[in-house]
Amino acid sequence: MAPAVWLLVAAAVLYVIAGWCAGAQTAITRGGAEYVSYSSLLSLIRGAAEAAAAVGVALAYTHWLPAGWEVFLAAVGTLLVVRYLLIGVRPRAMTRERAARSAASAARLLRPLHTALGPLLRLLESASGALPLGGGHDPDALRDDDAELRGLVHYIEGRPEIEPGEQEMVRSVFELGDTIAREVMVPRPDIVFIERDKAISRAVSLALRSGFSRIPVVGESTDDVVGIAYLKDIVSWEHAHPGESDGTPVEKIMRPATYVPESKPVDELLRQMQSQRIHVAVVIDEYGGTAGLVTIEDILEEIVGEIADEYDNERAPVERLDDDRARVTARLPVAELADLFDVTIEAEDVETVGGLLAHELGRVPIAGSEAETAGLRLTVENLAGRRNKLGTVLVERVPPEDGD
């Protein structure tokens, strides 16, 4: 066989090796983050193989073509086609499951060489990092941060010693950047507001009855949030100014409100709230109206799950007290309440007892709120959970003499 043919055969073998290295690097990126230290060795082998193959192809063509542009163009064309087929397409068409297997196989094969060349690889990485442009690996071997994190998360999920709850927490942290403020906020219908001209004593009463320690202060409407009233500020002011809370408007002690768009990524929002040392922000929709309220606790719940307090006990949906009275949870469907008391309740777009109360009151119910409908008196007994949603509701049949 002619020397030129042997050169092409050798070049083909070298490009197969380079393609395998590219596939192994992709596998480490997608499913083998624990083998990331092998990436430098793969880049070195791949670079050497591609360089040697290029020289071999060029030398082979010099035997068949006149020296000059013909050799250059033929060699470049051949190398581009082969590189595209072996390195450009094939490694990228890899599933996550196959990537994990390929990464493990590549690590086992390269482990002896990686151990032997460890000092050289570290020296080359140090020299590369000292270059003015930052050095590093071949652009095709570089993984973006997102791919590295996805590989790490996949690795953690596959470790048997990691508890399921811890795995879910890691994934929640990773997905925080894909979550926006609208998805974690308290929606506007569930927010308790107070008008800016209301007396501080009213704010104290509202905070104690609603269970919220931070209450948005509004001007002309709920779309005009002008500040946030903090219960600790209210209590401190009352202690320093005894007897003056009835005649002083709440706007005197409110803090400025922080506004964020509903499309803001939650990870950015958390960093902003930490840097500005704020615990609550008003979420604004695309039209500038109030969409909801978000707190640091809301964001933490995205990571660790729902945060319950010491008063959150699971209750039976219905506790019958007597023929005319019952204690029900706010989540009880309206249809079941109607069947319980054999009445007809007409309320559009309302599904639960809590929603029915809010519909009848025209505002967010708080402890002690009371409304009548279909011959029944509904009274909020308590609030539950960190967000102080309705807990239990006392339902009583209204006597005929009191009904009208």
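Residues numbered from 1 in each chain as written. Predicted model: local features only at pLDDT ≥ 70, side-chain atom pairs only at ≥ 80, totals over all residues. Heavy atoms only, no water.

Turning to helix α14 (residues 353–361), a few remarks are in order. Buried within α14 are the following residues: Val 353, Gly 354, Leu 356 and Leu 357. Here the buried residues of α14 occupy an arc of 160° about the axis, which is enough to place them on one side. In the stretch just after α14, Gly 362 is the one whose phi turns positive, near 80°. (Buried < 20%, exposed > 50% of the residue type's maximum accessible area, 1.4 Å probe, protein only. Helix = DSSP H or I, 4+ residues; strand = E, 2+ residues; numbered from the N terminus. Arc of directions from axis to C-beta.)

What follows covers the side chain of Thr 373. Inspection of the secondary structure assignment puts Thr 373 in strand β10 (residues 370–373). The class of Thr 373 is buried, set by a relative accessible area of 13%. Residues contacting Thr 373, with those up to four places away along its chain left out, are Leu 356, Glu 360 and Leu 378. (Contact = heavy atoms within 4.5 Å.)

Bringing the pattern of salt bridges into the picture now. Inspection of every chain in the model, using the stated rule, returns 12 salt bridges. As a salt-bridge pair, Arg 196 and Glu 251 come within 2.8 Å of each other at their nearest N and O atoms. A residue pair is termed long-range when its members are at least 10 positions apart, and Arg 196 in the loop between β2 (194–195) and α9 (200–210) and Glu 251 in the loop between α10 (231–240) and β5 (259–261) qualify at 55 residues. Residues Glu 297 and Arg 214 are paired through a salt bridge, measuring 3.4 Å at the closest nitrogen-oxygen approach. (Salt bridge = Lys/Arg side-chain N within 4 Å of Asp/Glu carboxyl O.)

Next up on the list: the sheet that holds strand β7 (residues 290–295). Here we have 4 strands laid out as an open sheet, ordered β1-β7-β6-β5, and mixed in their pairing. Lying at the two open borders of the sheet, with one neighbouring strand each, are β1 (186–187) and β5. For β1 and β7, the ladder comprises 2 bridges, and the chain directions are antiparallel. The residue of β7 that forms the bridge with Val 186 is Leu 293. Relative to the sheet, helix α11 (residues 266–276) contacts β5, β6 (280–284) and β7, its axis offset from that of β7 by approximately 65°. (Pairing = 2+ DSSP bridges. Axes fitted to C-alpha atoms, helices over the stretch in contact; angles between N-to-C directions.)

Bringing the environment of Val 55 into the picture now. With respect to the helices, strands and loops of the structure, Val 55 is situated in helix α2 (residues 39–62). Put simply, Val 55 and Ala 11 are 44 residues apart on the chain and 8.3 Å apart in space, counted from C-alpha to C-alpha.

Quick look at the packing of aromatic side chains now. Two descriptors summarise a pair of aromatic rings, namely the distance from one centre to the other and the angle between the planes of the rings. Evaluated as defined, the whole model comprises 0 aromatic pairs. For Arg 255, the ring lying beneath its charged end belongs to Tyr 230, and the centroid distance is 4.4 Å. In this structure, Arg 320 is placed above the aromatic ring of Phe 341, and the distance from its NZ or CZ to the ring centre is 5.0 Å. (Phe/Tyr/Trp six-rings, centres within 6.5 Å; stacked < 30°, edge-to-face > 60°. Lys NZ or Arg CZ within 6 Å of the ring centre and 35° of its normal.)

What follows deals with the sheet that holds strand β9 (residues 325–329). Reading across the sheet, the 5 strands line up as β8-β9-β14-β11-β10 and stay open at both edges, with antiparallel pairing between neighbours. Edge positions in the sheet fall to β8 (318–322) and β10, since each of these pairs with one other strand and no more. Mean inter-strand twist for the sheet, computed between neighbouring axes without regard to direction, equals 20°. Strand direction decides the pairing type here: β8 and β9, joined by 4 bridges, are antiparallel. Among the inter-strand pairings, Arg 320 is bridged to a residue of β9, identified as Ala 326. Seen against the sheet, α14 touches β9, β10, β11 (376–380) and β14 (392–397) and runs at an angle of roughly 95° to β10.

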